[in-house]
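# Coordinate inspection notes
Take a look at the letters that make up each chain.
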Amino acid sequence: MTRLPAAPPALPAPTVSWDDLQIPLPPVPPMPDLPFLPGLPDFWGTPMQWLVVVPALTALAVITLSGRSNRLAAWLGVGGGLVTFLAALWQLVVLVRLDGRHTSGSLGALPFGELSVPLGLQVGWPLGLVAVAVALVALVVQVYGRWYLWYDPRYKVFAATVAAFTAAMLLTVLADDVLLLLVGWEVMGWCSYLLIGHHSTRAAARRAALKALVVTRTADVGVVLGLVVLAAGAGTTSLTRIVEHWSQVAGEAAAGSSPGGPGPALTAAMVLLVVGVAGKSALFPFQDWLPDAMEGPTPASALIHAATMVAAGTVVLVHVFPLLAVTDPARLLLAVLAAVTMLGAALLAFAQGDLKRLLAWSTVSQVALMLGALAAATPQTGPDAATQHLLAHAWFKALLFLSAGWLGVLVGGTAMAVVASGGRRYRVLRRRFAWGLLALAGVPPFVGFVSKELVLGTAETGAIGAGGAASVVVLAAVGASAPLTAAYCMRAWLVLDRPTLAQQHAATYHTGPVERIDDFFDEPQVVHEAEGVERAEAAITSSARLGTTVLTVMTLLGSIVALLPVWRSDVHLNVQLLLATLVLMAAAALAVWFAARGVRTRDAAARVPARLSLAAERGLGADYAYRLVVATPVMALARAVTWFDGQVLDAWVRGAGSGARLVGRAGDLLTPRRVTPSLAGVLGGMLLVVLVAVVTS
């Protein structure tokens with residue numbers, strides 16, 4: 001028997017570890033020297049001071065100088081916005097010159113005894129870029145509002161409020177003092193009330209404005225108390241010194257292996273701060289005020305949702321991020337609130353019957369994504385992922401809202417049934433909606449893809465590192481919300497891109513090729529599209545259209561900001577996780593496309609049961625829950641206090657008066673009415689004294 005040769009020994013199977021599937025971000029190079037930058041003249045003040053003062057003075061000038069002229073109010077508002085944007089760019093140049101950090105005074109220190117109140121301003125590269133985004137979006141909103149509200153009798157108030165809103169947000173971004181931070185925070189709340197209730201003759205607008213004010217002001221108590229505790233413990237209102245003091249306290253507690261962690265005072269302050277931020281940023285359970293804020297004019301919605309108000313909570317937590325990162329209870333609370341909001345808002349966005357409300361619920365979900373990134377981040381990764389998503393969200397959300405307002409003017413509303421086929425009918429809006437929705441869904445290479453993957457990478461780095469349960473919760477929520485976001489973006493696109501009735505009829509009754517003259521303009525489809533483009537461009541001013549074009553470009557090219565050497569690079573992008581996310585997004589979009597195929601309107605939400613769809617449009621009964629949990633007990637307590645005051649406290653007062661009257665009546669009855677001898681003697685003595693005084697004088 002022939003003996004077969006022995007088989008060669010098997011080669012060892014290659015081993016692939018988890019780390020092999022991660023792409024480390026490139027190391028951050030030093031900021032290059034840019035000698036070609038022109039030398040700046042010595043202006044009065046610093047760019048940070050100009051960034052706050054210019055929009056504040058603009059608001060004052062619009063109110064006091066424009067009179068009844070909308071034209072002068074527009075020139076003042078747009079001019080002030082342009083100067084503010086130039087000051088923000090000037091600030092970036094100063095940061096290049098000063099190695100990425102700039103400090104400045106404001107009004108000078110205040111004498112508060114043992115408490116140090118320096119009232120300083122400070123900015124680094126991340127928040128400097130945020131200031132540029134705020135200034136640019138505010139400028140575009142001012143330009144757009146000049147067209148959108150040109151015939152509005154209250155346009156002057158709108159322009160002034162936008163300028164004041166911009167000043168308040170920029171003060172929040174640049175503040176290095178608790179008092180300045182609170183001033184910016186509170187002014188934003190009042191400005192949002194004015195913008196949401198701009199159409200004050202409508203009951204729905206008044207109710208939405210009051211609801212936003214009450215909800216956010218109630219939560220603001222947490223911000224005030226939290227910052228007061230931090231400032232009192234540090235003995236100063238300087239945010240830099242507060243962070244240094246409490247970081248030292250937390251470090252000493254960690255070095256001593258204290259079972260209480262960083263201490264109850266810091267924990268309580270950060271938990272209060274998270275609750276306050278949740279109110280302003282529309283996190284659960286405060287989420288319902290933001291969709292109702294759509295009663296305001298569209299440019300106001302773009303400003304509130306894109307670059308101010310709801311993003312202010314992220315900015316505040318970025319200021320105190322070193323303290324948040326070492327306070328596990330606050331991180332876990334923020335992670336849970338962000339996760340619930342992220343998923344719930346994405347589900348509700350899918351079922352909305354109005355395009356603006358869909359975008360509003362998407363804002364709730366995306367702001368929760370920013371705050372979730374802060375909750376998942378560790379001291380090693382830092383808060384940069386949240387800041388980058390704030391920038392990305394500013395570009396594509398402002399673009400989507402302003403495009404929706406443009407389309408609403410053309411078709412007479414923003415209900416889904418009204419805006420259907422808007423992208424087909426008005427081709428000039430097609431690219432704007434397409435790029436905005438792709439960025440919102442996180443599709444490469446748009447700006448939303450880069451920022452969302454950085455958030456996912458931050459959560460994954462924290463989950464496998466020292467991030468704890470908060471990072472795990474955020475990682476799961478981000479992974480689950482990605483396909484949901486893709487689903488409602490796909491639904492909106494299918495409705496906007498639905499073939500027009502003329503196209504549907506042409507497709508239905510087309511009998512085959514026919515002989516026709518080879519004339520380009522004889523093609524009905526071409527003529528129809530040309531008419532739509534002409535009508536859309538004629539309905540808007542060239543400056544407002546230019547503003548939306550700038551936002552469109554930033555939606556695509558804004559991801560270049562993530563490549564600037566000003567961010568931390570301690571985040572790894574997991575290839576496997578990234579591909580899995582993209583596959584889930586594609587599957588969700590494909591499922592929505594299949595669901596919409598059998599629907600005449602191509603609206604996949606028509607598959608949702610009517611009762612569930614109606615409940616989603618009502619926020620799943622959040623208003624009823626507010627009334628049941630808050631309004632009803634508060635009103636019952638108020639009625640009880642009123643009854644106690646009227647029937648108990650006032651009864652004692654009334655009883656005391658009645659008793660005094662009874663005693664007086666009894667004395668009156670018991671006292672004889674004739675003059676007594678003693679009284680006559682007293683009167684006689686008085687007369688005698690007076691007579692003696694007169695004679696002897």
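Residues numbered from 1 in each chain as written. Predicted model: local features only at pLDDT ≥ 70, side-chain atom pairs only at ≥ 80, totals over all residues. Heavy atoms only, no water.

## Remarks on helix α7 (residues 239-255)
The condition is simple: Helical segments are the DSSP runs of H or I of at least four residues, strand segments are the runs of E of at least two, and each set is numbered from the N terminus. By this rule the span expected of a helix is its residue count minus one, scaled by 1.5 Å. We call a residue buried when its accessible area falls under 20% of the maximum for its residue type, exposed when it is over 50%, and partly exposed in between, using a 1.4 Å probe and counting protein chains only. By arc we mean the arc of the directions from the helix axis to the C-beta atoms, nothing more. The contact definition used throughout considers only heavy atoms, calling two residues in contact when any of these lie within 4.5 Å.
Between its terminal C-alpha atoms α7 stretches 24 Å, which fits the 24 Å expected from 17 residues at 1.5 Å a residue. All buried positions along α7 are accounted for by Leu239, Ile242, Val243, Trp246, Ala250 and Ala253. The arc enclosing the buried residues of α7, seen along the axis, measures out at 95°, which places them on a common side. Those residues of α7 that are exposed and aimed more than 90 degrees away from the buried face are Glu244, Gln248, Glu252 and Ala255. Residues of α7 that are buried make contact with α5 (178-196), α6 (203-234), α8 (264-280), α11 (312-319) and α12 (321-325).

## Looking at a nonpolar patch on the surface
Keep this limit in mind: Here the term patch refers to residues with relative accessible area over 30% and no salt bridge, with like charges joined within 9 Å and nonpolar side chains (Val, Leu, Ile, Met, Phe, Trp, Tyr) within 5 Å. Under the convention used here, a 1.4 Å probe and the Shrake-Rupley method define accessible areas, while residue burial counts only the protein chains that appear. A pairing counts as a salt bridge when a side-chain nitrogen of Lys or Arg comes within 4 Å of a carboxyl oxygen of Asp or Glu.
A cluster of nonpolar side chains, namely Tyr624, Leu628, Val629, Val630 and Val634, defines an oily patch on the protein surface of about 510 Å² accessible area. Within the element layout of this structure, Val634 appears in helix α26 (residues 622-670). The partly exposed category is assigned to Val634, whose relative accessible area is 48%.

## So, the nonpolar core
In plain terms, the rule: What makes a nonpolar core is a set of buried Ala, Val, Leu, Ile, Met, Phe, Trp, Tyr and Cys residues whose side-chain atoms join them at distances within 4.5 Å.
If you look at the biggest cluster of nonpolar residues, it comprises 193 residues, and the most contacted ones within it are Leu230, Met270, Trp289, Leu317, Leu324, Leu334 and Leu374. Of the residues forming this core, the biggest block, 18 residues, is contributed by helix α3 (residues 125-148). Those residues in contact with Leu334 that lie beyond four places of it in its chain are Val274, Leu283, Leu317, Leu324, Leu371, Leu374 and Ala375.

## Observations regarding the pairing of strand β5 (residues 121-124)
Stated precisely, the cut-off is as follows: Pairs of strands are assigned from DSSP output, requiring at least two bridges between the strands.
Side-chain alternation along β5 places Leu121 and Val123 on one buried face and Gln122 and Gly124 on a second face that is also buried. Sheet topology places strand β2 (residues 101-104) next to β5; 4 bridges connect them, and they run antiparallel. For His102, the partnering residue across the bridge sits in β5 and is Val123.

## Thoughts on helix α14 (residues 355-376)
The following threshold applies: Any pair of N or O atoms that falls within 3.5 Å is considered a polar contact. Within protein, one atom must be able to donate a hydrogen and the other to accept it, and sequence-neighbouring residues count only if both atoms are side-chain atoms.
With 22 residues, α14 should reach 32 Å at 1.5 Å per residue; the first-to-last C-alpha distance of 31 Å fits that figure. Burial analysis of α14 places 22 of its 22 residues in the buried class, which makes it a mostly covered element. For α14, the capping residue at the N-terminal end is Asp354, with a side-chain oxygen 2.9 Å from the backbone nitrogen of Lys356.

## Notes on the pattern of salt bridges
A side chain of one charge can pair with a side chain of the opposite charge when the charged atoms of the two come close. By the definition in use, this model includes 11 salt bridges. For the salt bridge of Arg331 with Asp328, the shortest nitrogen-to-oxygen distance reads 3.4 Å. Residue Arg331 and its partner Asp328 are located together in helix α13 (residues 328-350), separated by 3 residues, close to a single helical turn. Given the relative accessible area of 4%, Arg331 is considered buried. Residues joined in a network through salt bridges with shared partners are Arg207, Lys211, Asp288, Asp292 and Arg357.

## Digging into the packing of α6 against α8
Helix packing for two helices is described by the angle between their axes and how far apart those axes are. As a reminder of what qualifies: Where helices are involved, their axes are fitted lines through C-alpha atoms of the stretch in contact, as for all axes, and angles between N-to-C directions lie from 0 to 180°. Here the angle decides the label: under 35 degrees means roughly parallel, over 145 means roughly antiparallel, 65 to 115 means roughly perpendicular, and every other value means oblique. Two helices cross in a left-handed way if the nearer one is turned anticlockwise from the farther one by less than a right angle. They cross in a right-handed way if the turn is clockwise. Amino acids outside the nonpolar list (Ala, Val, Leu, Ile, Met, Phe, Trp, Tyr, Cys, Pro) and the charged list (Asp, Glu, Lys, Arg) are all regarded as polar, and Gly is one of them.
Running from N to C, α6 and α8 point in directions that differ by 150°, and their axes come no closer than 7 Å. One element, α6, and the other, α8, form an angle in the roughly antiparallel class. Helix-helix and strand crossings are classified by hand; for α6 and α8 the assignment is left-handed. Contact with α6, carried on its side by Thr216, Ala219, Asp220, Gly222, Val223, Leu225, Gly226, Leu227, Val229 and Leu230, involves Ala265, Leu266, Ala269, Met270, Leu272, Leu273, Val275, Gly276, Val277, Gly279 and Lys280 of α8 and no other residues of that element. Of the residues that constitute the contact of α6 with α8, the class distribution is 14 nonpolar, 5 polar and 2 charged.

## A short note on the environment of Leu454
With respect to the helices and strands, Leu454 occurs in helix α19 (residues 447-464). Placed 69 residues apart in sequence, Leu454 and Ala385 show a C-alpha to C-alpha distance of 5.6 Å.

## Focus on the packing of α8 against α13
Taken N-terminus to C-terminus, the directions of α8 and α13 make an angle of 20°; their axes are 8 Å apart at the nearest point. Judged by the angle between their axes, α8 and α13 are roughly parallel. The two elements α8 and α13 cross, and the hand of that crossing is right-handed. Contacts between α8 and α13 involve Thr267, Met270, Val271, Val274, Val275 and Ala278 on the former and, on the latter, Pro329, Ala330, Leu333, Leu334 and Leu337.

## Focus: the side chain of Ser238
Residue placement: Ser238 occurs in the loop between α6 and α7. Since its relative accessible area comes to 5%, Ser238 is described here as buried. Every residue in contact with Ser238, bar those within four places of it in the chain, is listed here: Pro118, Asp176 and Asp177.

By themselves, these figures tell us nothing about what the structure is for.
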